[in-house]
Amino acid sequence: MCGWAGGEVRFYAGSTNTLSRDAAGTCALSRDHEHSDEDPVTEIPEHLLKRSKERKAALSGEAPAADAEPSTAVEPAAGTAPAAAAAPVPDVASAPEPEVIEAVPVAPYVEAANKRKKMPFWIVPVLLCLPVWGAMYVGTLERVPQGLTGLLGEGEELYVESGCSGCHGAEGGGGIGPAFADGEIHETFTSIEDQIVWIAKGSSIVGTGNTYTSSDSPRPRQVGGGMPGYGTEAANSLDIEQIIAVTLYERTQFEPGEGGERDLLLAEQLNLMLETGEWAEALAVDGIDIHDEFAGADLTAETVASWLQPARDALAAAEG
Ligand code: HEC
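So, here's what we can say about the structure. (Residues numbered from 1 in each chain as written. Predicted model: local features only at pLDDT ≥ 70, side-chain atom pairs only at ≥ 80, totals over all residues.)

## Observations concerning the overall build of the chain
1) Next: From N to C terminus, the chain includes 15 helices and 3 strands.
2) Next: Out of the 320 residues in the chain, the part that is buried amounts to 19%.
3) Next: For the chain, long-range pairs separated by at least 24 residues make up 57% of all intrachain contacts whose partners lie at least 6 apart in sequence. (Helix = DSSP H or I, 4+ residues; strand = E, 2+ residues; numbered from the N terminus. Buried ≥ 20, exposed ≤ 12 C-beta atoms within 10 Å, placed from the backbone. Contact = placed C-beta atoms within 7 Å.)

Here it is as structure tokens:
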């Protein structure tokens, strides 16, 4: 019936089913559960076992078995036994250890301190920088709202509009052109007349290499080029009153020292005489028309001095 001579049939791993035929030809199926070591089908592949072991170890937080450790497996057997034994437990073992958070009772005042709003981390640098910012802020306040009027107000406007500030700095600190600040302008031009002549002529008329500063200047300078002549170059030319205004501005505003005070008095006197018309009157008495006489290219310090003379006389008279 069963049509098969007998022998073992394996239905599933781990058990052996024996199909046999007796003398009468009846088929009988017997099964035993004996596990055979040589059985090739029941064998679970080595790498799967290893992976399973590792997984279990990882989940339970225990160190995997020594054979799962790659470093010992790779190492050559000879002479390395102690090293292999001392090999550190892989990170896998220590990393996933569950953290035990102990509930330590907290004193009420500690709890209150923890709940209180903390100082933000940036407060310390902010507090440290505060005096510096304060000083800078005060600095900007001192310079900007000067509220200059008259000649000096005109000079202040011209200093920006004519581009002087672009080359010499908004605060007279210098740039492409030299600095005026901290009394420097009074050293390069010990006389205001020399400075007015220089601004009217500029680098090209004075000529490269020639000294342009006052003859008794403690810091004589030679023309290197780059300063426009404002009395001679049509594009940005100024009239003589404007040149006087911007010159007075440069000599009185940028921390000028003692020389600045002297020029401030001159500026005030000139301004007063401009408003009353006394300046033009005084010049007319001497037969001078400053606008006619102003020819930037051959302007001399003596001519400029004669223009300023009425104001100097008035100052001298006031001083007694
Ligand atoms: C394009 C740049 C530039 C502009 C704009 C400019 N200057 Fe100058 N200025 C210079 C240079 C450069 C020098 C140095 C001259 C040289 O080496 O030839 C100079 C020198 C001077 C000096 C002599 C200062 C010293 O200590 O030697 C005075 C004063 C001066 N300029 C006033 C003015 C005034 C006033 C204005 C605006 C009406 C003005 N400058 C506009 C570039 C400029």
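## Some thoughts on the packing of helix α7 (residues 150–161) against helix α11 (residues 240–253)
1) Next: The geometry of α7 relative to α11 is characterised by a closest axis approach of 7 Å and an angle of 90 degrees between their N-to-C directions. When the interaxial angle is binned, α7 and α11 end up roughly perpendicular. Contact with α7, carried on its side by Leu151, Leu152, Glu154, Gly155, Glu156, Leu158 and Tyr159, involves Gln242, Ala245, Val246, Leu248, Tyr249 and Thr252 of α11 and no other residues of that element.
2) Next: Of the residues that constitute the contact of α7 with α11, the class distribution is 8 nonpolar, 3 polar and 2 charged. (Axes fitted to C-alpha atoms, helices over the stretch in contact; angles between N-to-C directions. Parallel < 35°, antiparallel > 145°, perpendicular 65-115°, else oblique. Nonpolar A, V, L, I, M, F, W, Y, C, P; charged D, E, K, R; others polar.)

## Quick look at the site of the ligand
1) Next: The full set close to the ligand counts 24 residues, and Cys164, Cys167, Gly177, Gly226 and Met227 are the nearest of them.
2) Next: Partitioned by chemical class, the residues of the shell around the ligand number 11 nonpolar, 11 polar and 2 charged. (Near = placed C-beta within 6 Å.)

## As for the nonpolar core
1) Next: Ranked by internal contacts, the top residues of the largest apolar core, which has 33 residues, are Ile196, Ala200, Ile243, Ala245, Val246 and Leu248.
2) Next: Among the secondary structure elements, those contributing two or more residues to this core are α7, α10 (192–206), α11, α12 (258–276) and α15 (301–319).
3) Next: With 7 residues, the top contributor of residues to this core is α11. (Core = buried A, V, L, I, M, F, W, Y, C linked by C-beta atoms within 7 Å.)

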